[in-house]
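Structural description and commentary
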Amino acid sequence: MYFKQFYLGCLAHASYLIGSDGEAAVVDPQRDVDQYIEEANAQNLKIKYIIETHLHADFVSGHRELADKTCAEIVFGREAGATFPHRAVKDGDELTIGNVTLRIMETPGHTPESICVLATEPEDNAGKDVRPPAKLLTGDTLFVGDVGRPDLAGGRGYTSQDMAAMMYDSLHKKILTLRDDVEVYPAHGAGSMCGKNLSTDTSSTIGQQRKFNYALQPMSKDEFVRMMTTDLPEAPAYFPKDAEINRGGAASLEGLPPLRSMTPAEVAEGAKHGCIVLDVRMADEFGVAHVPGSMNIALGGQFASWAGTLIPMSAPIVLVTESEDKAEEARLRLARVGLENIKGHLAGGMDAWKEVGFEVAIVPQISVADLKRLIDSRSDLQVLDVRRPAEYESGHVPRAVTSPLSKLRESFQLLTFDPAKTTTVICAGGYRSSAATSLLQAAGFSDLLNVTGGTTAWIKAGYEVDKSVPPASAGGS
């Protein structure tokens, strides 16, 4: 068996190429698919099947484009209801690629149509049981360190409790009946919103997960359901939209219009008429000078996930970057989550904007030492922590009020902050807080400071950490 994992860090997404004797299957492809074709060609493999473990909610799949380019058959679980030609598989069905057997296991729980794929090779010619360990591609059913969240199927008539009960049965009646040496390859790793406690490891074994995964420890179904449906972070708004795109199949990336270069005047006019000016530079560059009212989501982090969370799916977008290459990269990464309404990019970047004399906005960047001095000397200082609730509760800067970035716009009215007073914004490292300052500035906050290094640097410096949750907190996910 030839086996390769492709890991896309910005979406914490893993996809796979499995091959044998000239044939191959791709499992859970990302939207841009040429890498699978190139790798298959390099290994003298023809892609026969494209298998989706479920209707992915956190990214747009390239299954239709890959099928068009390779004539491969698309495979979904029978409950998916995909609206294009595909093979609908059920529990126990088998596909073959060369000498490898791909056995389908229906494992509802994360979604109703979720499947896992067990890849096995035959014994050697001598008839001895020396076959390599089987590989289980678990999609979003079983992660390394976690299992899939059960609350993404509400629109299809299932409660979170219904799905968690299904998940319990899928795990205990199917997955945990496999041998301990079966290798586990999930569709996501740490950083994905499809689970709560995902490991940074991208593979494991059934035995290791049986031993260390909190969700697989002995407990009743009722206990499991209660645990899996408590304190779930709110799913980003783009999740159900991406799932529906995948149900119908996304258009080819090659069909997107060319990226247009725009003059500063055109960008300014677009902003007046509702375009989101998306600045994808790093926080320090954004802080020095940016288009007033623009949003900062830097390419250096989980760019696509945050863009999908903060930007409406159909919103017109104008990009501000350091170069045209970065603009093209941003457009591709936005398309991976279904954001395709890109009107163009600011030709020449902020240098061009400043050269024509247009106004610029700034957000000063401060260190945690600067923040400590301000907290000690300014009783009127406003401190906003935009991390997720669990992060905030594990320890935060004294006097910090929580309002998670994902719900910050909705929480403006819950904050008791004065937009005219100095407001410092902090997250874990400075990425989310920079995005938050851009939202706050657009909402009328006039004296903002972004804390570089974030709470991580604060703790490392040995400063006091507060674990209380003040009643004034503006909660959310």
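Report on the accompanying structure. (Residues numbered from 1 in each chain as written. Predicted model: local features only at pLDDT ≥ 70, side-chain atom pairs only at ≥ 80, totals over all residues. Heavy atoms only, no water.)

Turning our eyes to something else, we now look at the overall build of the protein. A tally of helices and strands in the protein yields 16 helices and 22 strands. The globule rule puts the C-alpha radius of gyration for 477 residues at 23 Å, and the 24 Å found for the protein is close to it. Along the three orthogonal principal directions, the C-alpha set of the protein runs to about 75 × 50 × 40 Å. A sequence separation of at least 24 residues applies to 69% of the contacts in the protein between residues at least 6 apart. (Helix = DSSP H or I, 4+ residues; strand = E, 2+ residues; numbered from the N terminus. Rg over C-alpha atoms; globule rule 2.2 N^0.38 Å. Contact = heavy atoms within 4.5 Å.)

Spatially, S13-S17-S16-S14-S15 is the arrangement adopted by the five strands of the open sheet, whose pairing is parallel. Single-partner strands in this sheet number two, and they are strand S13 (261–262) and strand S15 (295–296). Of the strand pairs in this sheet, strand S16 (residues 317–320) and strand S17 (residues 342–346) are connected by three bridges, and their pairing is parallel. Counted as the bridge partner of Leu319 is His345 from S17. (Pairing = 2+ DSSP bridges.)

Further remarks concern the pattern of salt bridges. All told, the structure shown has 29 salt bridges when counted by the stated rule. A cluster of three or more residues bridged by salt bridges with shared partners is formed by Asp34, Glu65, Lys69 and Glu254. (Salt bridge = Lys/Arg side-chain N within 4 Å of Asp/Glu carboxyl O.)

Scanning all chains against the criterion turns up one cavity of 30 Å³ or more. As a volume, the largest cavity reaches approximately 140 Å³. Considering the residues around the largest cavity, the lining is formed by 14 residues, among which Gly191, Met193, Tyr238, Ser305 and Arg388 are closest to the centre. Elements represented by at least two residues in the lining of the largest cavity include exactly helix H6 (238–248) and helix H9 (303–310). (1 Å grid on protein atoms, 1.4 Å probe; cavity = no way out; pocket = protein on both sides within 12 Å on 5 of 7 lines; lining within 4 Å. Points joined across faces, edges and corners; volume = space filled by probe spheres on them.)

Right, let's talk about the nonpolar core for a bit. Counting residues in each nonpolar core, the largest one holds 49 residues, and the members touching the most others are Leu278, Ile297, Ile311 and Leu319. Those elements giving two or more residues to this core turn out to be H6, strand S14 (276–279), H9, S16, helix H10 (324–335) and helix H15 (431–442). Setting aside residues no more than four positions away along its own chain, Leu319 makes contact with Leu278, Val280, Ala327, Ala330, Arg331, Leu334, Ile342, Gly344, His345 and Leu346. (Core = buried A, V, L, I, M, F, W, Y, C linked by side-chain atoms within 4.5 Å. Buried < 20%, exposed > 50% of the residue type's maximum accessible area, 1.4 Å probe, protein only.)

Assignment of secondary structure puts Glu52 in the loop between strand S4 (46–51) and helix H2 (63–70). We note that Glu52 is buried and unpaired, the nearest opposite charge coming from Arg64 at a distance of 10 Å. Side chain to side chain, Glu52 and Ser61 meet in a polar contact 2.3 Å long. Look past the residues within four positions of Glu52 in its chain and what remains in contact with it is Asp28, Pro29, Ser61, His63, Val75, Phe76, Gly77 and Ile115. (Lys, Arg positive; Asp, Glu negative; His and termini not counted. Polar contact = N/O pair within 3.5 Å; in protein donor to acceptor, adjacent residues only side chain to side chain.)

Residues of helix H1 (residues 34–42) that are buried: Tyr36, Ile37, Glu39 and Ala40. Take H1 and look down its axis: the buried residues cluster within an arc of 165°, on one side only. The exposed set on the far side of H1, more than 90 degrees from its buried face, consists of Glu38, Asn41 and Ala42. Lining the buried residues of H1 we find strand S1 (2–8), strand S2 (13–20), strand S3 (23–27), S4 and H2. Remark: Asn44 follows H1 within two positions and exhibits a positive phi of approximately 55°. (Arc of directions from axis to C-beta.)

With that settled, the discussion passes to the layout of surface pockets. As a volume, the largest pocket reaches approximately 600 Å³. Considering the residues around the largest pocket, the lining is formed by 23 residues, among which Lys196, Pro233, Arg388, Ala390 and Glu391 are closest to the centre. For the lining of the largest pocket, the elements supplying multiple residues, two or more each, are helix H13 (389–393) and H15. Ranked by residues supplied to the lining of the largest pocket, first place goes to H13 with four residues. Roughly 310 Å³ of volume is contained in the second largest pocket.

Let's shift gears to the sheet that holds S2. One key point about sheets: their strands pair by backbone hydrogen bonds, in either a parallel or an antiparallel sense. With mixed pairing, six strands are arranged side by side in an open sheet as S1-S2-S3-S4-S5-S6. Where the open sheet ends on each side, the last strands, each with one partner, are S1 and strand S6 (87–89). Neighbour-to-neighbour, the strand axes of the sheet open up by a mean angle of 25°, direction not taken into account. As defined by bridge partners, strand S5 (residues 73–77) adjoins S6 across three bridges and the pair is classed as parallel. Along S6, the bridge assignment pairs Gly77 with Val89. Most of the contacts of H1 go to S1, to which it runs at about 155°, and overall it touches S1, S2, S3 and S4. (Axes fitted to C-alpha atoms, helices over the stretch in contact; angles between N-to-C directions.)

Next up on the list: the environment of Asp58. As for its placement among the helices and strands, Asp58 is situated in the loop between S4 and H2. In the structure, Asp58 is positioned 84 residues away from Leu142 in sequence and 16 Å away in space, judged by C-alpha atoms. Excluding its chain neighbours within four sequence positions, the residues that come into contact with Asp58 are Leu11, His188, Ser192, Cys194, Tyr238, Phe239, Asp242 and Val337. In this structure the side chain of Asp58 is engaged in a polar contact, spanning 3.0 Å, whose partner is the side chain of His188.

Within this structure, the stated rule accounts for nine aromatic pairs. Within the aromatic cluster, the residues linked to one another by ring pairs are Phe3, Tyr16 and Tyr185. (Phe/Tyr/Trp six-rings, centres within 6.5 Å; stacked < 30°, edge-to-face > 60°.)

Now for H2. Residues His63, Glu65, Leu66, Ala67 and Thr70 constitute the buried set of H2. Summarising the contacts, the buried residues of H2 are in contact with S3, H1, S4, S5 and H6. Positive backbone phi, at 65°, marks Cys71, one or two positions downstream of H2.

The next point concerns the pairing of S3. Across a regular strand the side chains alternate sides, sitting on one face of the sheet and then on the other. Taken across its five residues, S3 has four buried, putting it largely inside the fold. Counting the residues that bridge the hairpin from S2 to S3 gives two residues, and of these Asp21 lies at a positive phi of roughly 50°. As a crossover connection, the stretch from S3 through H1 into S4 is right-handed. (Right-handed = clockwise from strand over helix to strand, strands pointing away.)

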